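Each chain, written out:
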Amino acid sequence: KFMNKKNEERIVFPFTSIIGQEEILMKLSLILNVIDPKIGGVMIMGDRGTGKSTIVRALVDLLPPINVVENDPYNSDPFDTELMSEEVLEKVKKNEKLSITQVKTPMIDLPLGATEDRVCGTIDIEKAISEGKKAFEPGLLAQANRGILYVDEVNLLDDHLVDVLLDSAASGWNTVEREGISICHPARFILIGSGNPEEGELRPQLLDRFGMHAQIKTLKDPKLRVKIVQQRELFEKNPKEFKSKYQEEQNKLIEKIATARKTIKGVNIKYEILEKISQICSELNVDGLRGDMVTSRAAKALAAFENQEEVTPKHVFTIITLCLRHRLRKDPLQTIDSGQTILQSFYKTF
């Protein structure tokens with residue numbers, strides 16, 4: 001017998017049950033990107049077996065369901081023209097009634113061996129020529145529209161593919177061109193990459209395109225390690241029961257994120273704070289202006305998350321390392337950790 005849809009939904013390890021100091025910062029960077037996707041995604045670097053994928057997969061439970069046009073492969077928004085596919089836009093122009101349904105926010109896992117066609121979609125040239133129609137088979141970018149695209153081991157992915165992903169994430173559109181035929185569709189998603197630094201870093205120009213960078217190391221405290229092992233065992237023994245223990249905390253967090261998404265537009269950041277952020281970026285020789293922009297966006301998202309109307313230096317302090325660490329030029333002779341360098345500059349300026 002076929003299992004019904006509800007029973008086959010895999011129970012994911014609850015986001016609120018994940019512990020550890022660095023994990024808290026990593027969780028925060030993910031939450032802030034959910035509040036304001038324009039921050040530009042997160043790159044998570046850490047040793048193998050530190051729960052990077054577990055945390056990212058747990059994030060999907062915190063995301064609200066979204067309204068989509070039924071049977072549309074791009075998760076088109078029925079109300080926002082910026083997030084509609086061409087077909088839906090045509091229907092709107094003709095005043096046709098759209099059939100609307102609610103779905104869970106999509107979370108797409110990008111397999112390491114994925115080809116460019118699988119990611120971007122393919123155009124059936126034969127069909128296009130014989131029938132005179134644009135025959136497009138959507139790819140993973142179409143499925144990820146308005147959701148999350150997760151790339152595990154992003155540092156092992158072909159640089160060209162990483163480029164394609166980052167371009168789509170930044171512009172919110174994916175364009176496929178083959179033999180003179182061009183197709184464009186919305187692809188607005190939060191890009192989350194994870195990797196193990198032992199397997200090599202991403203090129204600096206690709207790394208800079210990720211909004212935030214979280215580092216996670218193997219825990220040294222034996223008590224914490226035991227606690228994590230016990231938690232995992234309890235979860236595997238009875239996932240439903242384990243999840244229900246954290247359900248109240250999960251619901252509070254879901255509520256908090258939903259409120260922050262609504263209130264972020266009203267958050268104010270004073271000129272003096274913006275100036276000091278730029279001063280820090282300038283002192284640290286951060287290339288370009290992306291560092292300044294991401295830091296102010298993330299600080300505003302954090303203020304909204306904490307239900308405050310004004311960004312304070314404390315908000316900037318909390319997120320500045322996550323926003324700038326991967327943008328510093330590598331100095332092989334430097335003995336001090338890049339995070340410490342950023343905080344030293346922060347204390348000096350603020």
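The name given to the protein chain in an unreviewed UniProt entry is Mg-protoporphyrin IX chelatase, and the organism recorded there is Genlisea aurea. Recorded in UniProt for the protein chain, the comment headed Sequence similarities (unreviewed entry) runs: "Belongs to the Mg-chelatase subunits D/I family." Per UniProt, the protein chain has the following entry under Subcellular location (unreviewed entry): "Plastid, Chloroplast".

**Student:** Go over the pairing of strand β1 (residues 42-46), please, and point to the residues and values.
**Tutor:** Of all five residues making up β1, five are buried, and the element is well covered by its neighbours. Side chains of β1 alternate between two faces, with V42, I44 and G46 and M43 and M45 buried alike. Taken together, the four bridges between β1 and strand β10 (residues 190-195) define a ladder with parallel strand orientation. For V42, the partnering residue across the bridge sits in β10 and is I192. Here β1 runs beside strand β11 (residues 212-216); their pairing, made up of five bridges, is parallel. Note on β11: the bridge partner recorded for M43 is H213.

**Student:** I'd like a rundown of the nonpolar core, residues and numbers included.
**Tutor:** Nonpolar side chains in soluble globular proteins tend to be buried together. If you look at the biggest cluster of nonpolar residues, it comprises 62 residues, and the most contacted ones within it are F15, L32, I35, I44, I192, M212 and I319. The leading source of residues in this core is helix α13 (residues 290-305), at eight residues. Each of domain 1 (21-65 + 104-216) and domain 2 (267-349) contributes no fewer than three residues to this core. With residues up to four places along the chain from it excluded, the contact list for I192 reads L30, V42, I44, V56, L59, I148, L149, Y150 and V151. If you look at the next biggest cluster of nonpolar residues, it comprises 33 residues, including M43, L149, A187 and L191.

**Student:** Before we move on, could you go through the packing of aromatic side chains and cite the residues and values that matter?
**Tutor:** This structure, assessed with the given rule, holds eight aromatic pairs. Measuring from centroid to centroid gives 5.3 Å for F317 and F346, while their planes differ by 50 degrees, and the two rings are tilted. One end of the pair, F317, is in helix α14 (residues 313-324); the other, F346, is in helix α15 (residues 338-349), and 29 residues separate them in sequence. F317 sits in the partly exposed class, given a relative accessible area of 31%.

**Student:** Explain helix α12 (residues 271-283) residue by residue, including any values.
**Tutor:** Helical periodicity: at 3.6 residues per turn, an α-helix aligns residues three or four positions apart in one direction. If you check α12, its first and last C-alpha atoms are 18 Å apart, about what 13 residues at 1.5 Å a residue would give, namely 18 Å. The set of residues buried in α12 consists of I273, I277, I280 and C281. Buried residues along α12 cover an arc of 100 degrees about the axis, so they all sit on one side. Relative to its buried face, α12 has exposed residues pointing more than 90 degrees away, namely Y271 and S282. Tucked inside the fold, the buried residues of α12 contact α13, α14 and α15. Backbone geometry just downstream of α12 places N285 in the positive-phi region, at approximately 55 degrees.

**Student:** Tell me about the environment of G20, and please be specific about residues and values.
**Tutor:** Relative to the helices and strands, G20 resides in the loop between α1 (5-8) and α2 (21-35). A relative accessible area of 11% places G20 in the buried class. The spacing of G20 and N285 is 265 residues in sequence and 31 Å in space, taken between C-alpha atoms.

**Student:** Lay out the environment of T259 in plain terms, naming residues and giving numbers.
**Tutor:** Looking at the secondary structure, you find T259 in helix α11 (residues 239-263). In this structure the C-alpha to C-alpha distance between T259 and D47, which are 212 residues apart in sequence, comes to 34 Å.

**Student:** Describe in detail the environment of V267, supporting the description with residues and values.
**Tutor:** On the secondary structure map, V267 appears in the loop between α11 and α12. Sequence spacing of V267 and S171 is 96 residues, and the spatial spacing of their C-alpha atoms is 24 Å. Contact partners of V267, with chain neighbours within four places excluded, come to K300, A303, A304, Q308, E309 and V311.

**Student:** Can you explain unusual backbone geometry? Please cite residues and give values.
**Tutor:** Of note in the backbone geometry, N71 takes a positive phi value of approximately 60 degrees without being a glycine. Its location among the elements puts N71 in the loop between β2 (66-69) and α4 (86-93). Of note, R146 is a non-glycine position whose phi angle comes to about 70 degrees, a positive value.

**Student:** Outline the confidence of the model for the protein chain, listing residues and values.
**Tutor:** In the predicted model, the protein chain carries a mean pLDDT of 86, and 93% of its residues have values of at least 70. Note that pLDDT drops below 50 for residues 1-8; the model gives that stretch one contact with residues more than four away or on any other chain.

**Student:** Tell me about the sheet that holds strand β7 (residues 148-152), residues and numbers included.
**Tutor:** Taken in spatial order, the five strands of this open sheet run β4-β7-β10-β1-β11, and their pairing is parallel. At either margin of the open sheet sits one strand with a lone partner, and together these are β4 (107-109) and β11. Each strand of the sheet is rotated relative to its neighbour by a mean of 20 degrees, with strand direction disregarded.

**Student:** I'd love a proper account of the side chain of S345, names of residues and values included.
**Tutor:** Inspection of the secondary structure puts S345 in helix α15. What makes S345 buried here is its relative accessible area of 7%. In terms of polar contacts, S345 uses its side chain to reach the side chain of E283, at 3.2 Å. Ignoring any residue separated from it by four or fewer positions in sequence, one finds S345 in contact with I280, E283 and L284.

Reading guide: rules and limits
- Residues numbered from 1 in each chain as written.
- Predicted model: local features only at pLDDT ≥ 70, side-chain atom pairs only at ≥ 80, totals over all residues.
- Heavy atoms only, no water.
- UniProt positions renumbered as here; feature names shortened; annotations may be inferred.
- Buried < 20%, exposed > 50% of the residue type's maximum accessible area, 1.4 Å probe, protein only.
- Helix = DSSP H or I, 4+ residues; strand = E, 2+ residues; numbered from the N terminus.
- Pairing = 2+ DSSP bridges.
- Core = buried A, V, L, I, M, F, W, Y, C linked by side-chain atoms within 4.5 Å.
- Domains from an automatic or database assignment.
- Contact = heavy atoms within 4.5 Å.
- Phe/Tyr/Trp six-rings, centres within 6.5 Å; stacked < 30°, edge-to-face > 60°.
- Expected span 1.5 Å × (residues − 1).
- Arc of directions from axis to C-beta.
- pLDDT = per-residue confidence, 0-100.
- Axes fitted to C-alpha atoms, helices over the stretch in contact; angles between N-to-C directions.
- Polar contact = N/O pair within 3.5 Å; in protein donor to acceptor, adjacent residues only side chain to side chain.

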